[in-house]
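# Geometric and topological summary
Here is how the chains run, residue by residue.
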Amino acid sequence: MSLPSYDDAARRAHALEADELLSLLGASPHGLSPELAAERLRLQGPNVLPRARPPSLARLFLHQFASPLIYLLLAAAVVSLLIGEWSDAAFIAGVLLINAVVGTIQEYSAQRAAEALRNLVTPRCRVLRGGDTYEIASEELVAGDIVLLESGDRVPADIRLLDAYELSVDESLLSGESRAAAKGAGPPLALECVPADRGNMLFAGTLVEHGRGRGVVSATGASTELGAIATAVLGGPPAPSPLLLRMHAFSRRIALLVAVAVALMMVVALARGMSLEAIFFSAVALAVSVIPEGLIVALTVALAIGMRRMARRHVIVRRLLAVEALGSCTYIATDKTGTLTLNQLSVRKLFFPGVEGEFDEDLLVPLCRTAILANEGFIGHRDGDWVHQGDAVDVALLLLARESGLVKAEQEQTYPELAAIPFESERQFSASLNVDGDRTMAHVKGALERLLPMCERMVSAQGLVPLDAKRLEAEAERMASRGFRVLALASGSITLEEGEVFSEEHLGGLTLLGLVGMIDPLRPEAKQALAACRSAGVELAMITGDHPLTALAIARELGMAEDEGQIVTGRQLREAQGDEAERLIAGARVFARVEPRQKVEVVQALQRRGHFVAVSGDGANDAPAMRAAQVGIAMGRGGTDVARETADLIITDDNIASIVAGVEEGRVAYANVRKVTFLLISTGAAELVLFILALISGLPLPLLAVQLLWLNLVTNGIQDVALAFEPAEGDELKRPPRSPHEPIFDRLMLERVLVSALVIGAFAFVLFRAMLAAGFDVEEARNATLLLMVLFENVQVFNSRSESRSLLRHSPLRNPLLLFGTVAAQLIHIGALY
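Below you will find a few notes about this structure. (Residues numbered from 1 in each chain as written. Predicted model: local features only at pLDDT ≥ 70, side-chain atom pairs only at ≥ 80, totals over all residues. Heavy atoms only, no water.)

## What about the packing of helix 13 (residues 361-373) against helix 14 (residues 392-403)?
- Between helix 13 and helix 14, the shortest axis-to-axis distance is 9 Å and the interhelical angle comes to 140°. As far as their axial angle goes, helix 14 and helix 13 are oblique. Every pair of crossing elements has a handedness; the one defined by helix 13 and helix 14 is left-handed. Within the contact between the two elements, helix 13 uses Leu367, Cys368, Ala371 and Ile372 and helix 14 uses Leu397, Leu398, Leu400 and Ala401.
- Its residues assigned to classes, the contact of helix 13 with helix 14 shows eight nonpolar, no polar and no charged. (Axes fitted to C-alpha atoms, helices over the stretch in contact; angles between N-to-C directions. Helix = DSSP H or I, 4+ residues; strand = E, 2+ residues; numbered from the N terminus. Parallel < 35°, antiparallel > 145°, perpendicular 65-115°, else oblique. Left-handed = near helix turned anticlockwise from the far one by under 90°. Contact = heavy atoms within 4.5 Å. Nonpolar A, V, L, I, M, F, W, Y, C, P; charged D, E, K, R; others polar.)

## Some remarks on the nonpolar core
- With 92 residues, the main nonpolar core has Leu326, Ile332, Met560, Val631, Ile633 and Leu649 as its most contacted residues.
- For this core, the element with the most residues is helix 25 (residues 656-697), which contributes 18 residues.
- Not counting residues within four places of it along the chain, the set of residues in contact with Ile332 comprises Cys533, Val538, Glu539, Leu540, Ala541, Ala614, Ile659 and Val663.
- In this structure, Phe351, Ala442, Ala480 and Leu549 belong to the second largest nonpolar core, which totals 30 residues. (Core = buried A, V, L, I, M, F, W, Y, C linked by side-chain atoms within 4.5 Å. Buried < 20%, exposed > 50% of the residue type's maximum accessible area, 1.4 Å probe, protein only.)

## Comments concerning the sheet that holds strand 21 (residues 567-569)
- Pairing within the open sheet is mixed, and its eight strands lie in the order 8-25-24-23-9-20-22-21. A strand with exactly one partner marks an edge of an open sheet, and here the two such strands are strand 8 (315-317) and strand 21. Each neighbouring strand pair of the sheet contributes to a mean axis angle of 20°, computed without reference to strand direction.
- Across the face of the sheet, helix 22 (residues 596-608) comes into contact with strand 9 (331-335), strand 20 (539-544), strand 22 (590-592) and strand 23 (613-617) while running at roughly 160° to strand 23. (Pairing = 2+ DSSP bridges.)

## Some points on helix 28 (residues 747-773)
- Between its first and last C-alpha atoms helix 28 spans 38 Å; for 27 residues at 1.5 Å apiece the expected length is 39 Å, and the two agree.
- Three or more residues of helix 28 are buried, namely Met749, Arg752, Val753, Ser756, Ala757, Ile760, Gly761, Ala764, Phe765, Phe768 and Met771.
- The elements touched by buried residues of helix 28 are helix 25 and helix 29 (778-799). (Expected span 1.5 Å × (residues − 1).)

## Focus on unusual backbone geometry
- One non-glycine residue with positive phi stands out, namely Arg593, at about 55°.
- Relative to the helices and strands, Arg593 resides in the loop between strand 22 and helix 22.
- Here Arg593 falls in the buried class, since its relative accessible area comes to 17%.
- Of note in this structure, Asp654 is not a glycine but carries a positive phi near 55°.
- For Asp654, a relative accessible area of 7% gives the class buried.

## Describing helix 29
- Taking 1.5 Å of rise per residue, 22 residues should cover 32 Å, and helix 29 covers 31 Å from first to last C-alpha, within 8% of that figure.
- Along helix 29, the residues that are buried comprise Ala781, Arg782, Thr785, Leu786, Met789, Val790, Glu793, Asn794, Gln796, Val797 and Phe798.

## Focus: the pattern of salt bridges
- All chains considered together, the criterion is met by 39 salt bridges.
- For Glu803, the salt bridge identified is with Arg674, shortest N-O distance 2.7 Å. With Glu803 in the loop between helix 29 and helix 30 (816-833) and Arg674 in helix 25, this residue pair connects regions lying 129 residues apart in the sequence.
- Each of Lys675, Glu729, Asp731, Arg735 and Arg805 takes part in one network of salt bridges that share partners. (Salt bridge = Lys/Arg side-chain N within 4 Å of Asp/Glu carboxyl O.)

## Observations regarding the packing of aromatic side chains
- For the structure shown, the criterion picks out one aromatic pair.
- Lying over the aromatic face of Tyr670, Arg738 brings its terminal NZ or CZ to 3.6 Å of the ring centre.
- Above the ring of Phe678, the side-chain terminus of Arg752 is found at 3.9 Å from the ring centroid. (Phe/Tyr/Trp six-rings, centres within 6.5 Å; stacked < 30°, edge-to-face > 60°. Lys NZ or Arg CZ within 6 Å of the ring centre and 35° of its normal.)

## Structural notes on a nonpolar patch on the surface
- The grouping of Val823, Leu827, Ile830 and Tyr834 at the surface amounts to a nonpolar patch, some 470 Å² of accessible area in total.
- Examined against the element boundaries, Tyr834 turns out to sit in the segment after helix 30. (Patch = residues over 30% accessible without salt bridge, like charges linked within 9 Å, V, L, I, M, F, W, Y side chains within 5 Å. Areas by Shrake-Rupley, 256 points an atom, 1.4 Å probe, with all protein chains shown as cover.)

## Re a negative patch on the surface
- On the surface, Glu473, Glu477, Glu562, Asp563 and Glu564 cluster together into a patch of negative charge.
- With respect to the secondary-structure elements, Glu562 resides in the loop between helix 19 (548-558) and strand 21.
- Judged by relative accessible area, Glu562 falls into the exposed class, the value being 63%. (Lys, Arg positive; Asp, Glu negative; His and termini not counted. Charge placed at Lys NZ, Arg CZ, Asp CG, Glu CD.)

## Re the packing of helix 25 against helix 29
- Packing of helix 25 against helix 29 brings their axes to within 10 Å, and their N-to-C directions diverge by 155°. Comparing the axis directions of helix 25 and helix 29 gives the class roughly antiparallel. For the pair helix 25 and helix 29, the crossing hand works out as right-handed. Every residue of helix 29 that contacts helix 25 at Phe678, Leu679, Ser682, Thr683, Ala686, Glu687 and Leu690 is listed here: Thr785, Met789, Glu793, Gln796, Val797 and Asn799.

## Considerations on the environment of Leu340
- Among the structural elements, Leu340 can be located in the loop between strand 9 and strand 10 (346-351).
- Accessibility expressed as a relative area gives 0% for Leu340, which makes it buried.
- Residues Leu340 and Leu522 lie 182 residues apart in sequence; the distance between their C-alpha atoms is 6.0 Å.
- The residues contacting Leu340, other than those within four sequence positions of it, are Thr334, Asp335, Leu522, Arg523, Ala526, Leu530, Met542, Leu558, Met560 and Ile656.

Pasting the structure below:
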């Protein structure tokens, strides 16, 4: 058999009839066989976008010299050569070489770590293969695969639609158009039709905002429209995170202050008659020593370590800034299903009006049939094991029906489906239209308040009776107050005129078949995790689509809420006027039956009250709120593609305890950023104090250029990076969150820097002056002062391990890298002295 023309299919997919395209691709509406798909994957390669090749080691090495501070050192080395100071030139060259090697190793490690983190989150999609539904990694897609898509999915490849229902897609990634584009399995289009006008195509990277669709893959990887763009823009530099930008600005301000200090020193030195050569080298060395040129690298290392620690605790960081941002949160609005609960729904209660005890088969079978037919889930045997797919509600209903002797495949064969209305969070129900003998029957399941207006009768012990809405609502509230998730089911005969499309308007005059109560057990660690979050000063709220009383029952069990006054519903938010909505949101701990737009309003109201908000969610309806929040958190297992793409963080086990762990690690990472900043600024300031005191006193310069460069290498070469590995102090979740507007260099750090700099600089000056007064020559005094500075600054490393605890209260063995690095630095210095 000749190979299909994949390039031709990719180019002409929109211009062909669906049957023609399937024939061209050697595919069928039931999907490729697993064997054929594997062979095509081998021939076509994985469905991944082109990526820029990571820089080589040589390029990384050369990149270490691209810094104004390095240019300054290079200039000093050239001047040294010109005036015959070979030892100074050689030493400067050695410093630059060591700095470049260390920087190259760090960047290469960070590059490898980022690649590993990227591979932890694999986009997945649903495909038909051999007539069965599989969930596979998107990179395993091949041309000819039949893909199933629904709201919240990211389109994994270029796809020609075979059928669609109310399908709209966000194509702003490609077209820049903010409005969602309506899509359908329309007729062939002109070959020259531009991508933005191809209504029968879906393109890789776009997002399904609404509806359902099924289509055949026409192009993968670099052959897609997005792949062409990715190929064109390869190699663009990544945008730096806001935290790093702030640190760059901070370093520039420090450099400016140091430049002023160096200029004053040069003026004093000239007034004292020092040679231009000595002034030049002293000024260059002092500037390089005081300016924390290693700060940006050390901070990047600190955040990268935070990323890896979070990954070990099931939190994948998609943006570096989010490492410390999560630790800054003052309010977490969390989804319920799958995060606070196990997302393992099971039916525990059925209600038929007037029926007690055992249920008659005449009541149970119609309810289970509707539960099966208005259902998008799957449960069955595959490869010898029980497997299931779909929403937890659908799976729970399929299990109920199977226990009653009804199997989905048999029911669908007996009652063929004509049309369907899939479930959407805004709609709160799903429905199917099926052939039943000579009738067409609608089967509906959803929230009771949505089904009541559709029904005229209800099933009871006395047979069909007029609908008693109050009785049903009272029972639903009673079940919800006990923690049940309540679902109503209804069915009825529907007549459609020829050419009419089945829609919600046709759902009237139905019979309510009963209520189903489902329980989703709490995660065993959720209560403890929420208590830890509250002790950390972080406020918590639950946002759910459940019935308010169901949500309250769960919130009470978790200790999140106590009474109905802490529940706010979507209806209340719609009806609130003026500041009333702000007041409701401020006092709420449970938001129930809220719409996606209202979730954004909740986030914005909290932000106006000064909160730094994190929002967790798993669906497309959560994405707007996640985007509006300072930190968006998506569920890795149960989350949709749009939720994961919107998020800053991804929780791989869908567990609230992992979010709390992320808060802790975020606080540790930020604390380490402050520790590194304090170390580098305080030691540099101490050297500045030493020089200023010597100049004011009219003494010779206490340290030569080479000695200052050596001191900078010994104190900053190892310890600042080792300090970034500092473990948690243990009380991170017992402190209140820091203010989102707090600068890194705040009053506490300024006070500590001044005290440390004055103590270290003054003691070193006293030693230098005393040795000169005792008759030691200046070289001996300088060597002793250098040794004292190294000792002081090695002690300062351990003093930097906490802002509130003495260094004596920290075991040096808790950070063996810091202990080893400090001892090694001291031994290297002593070896160099002798």
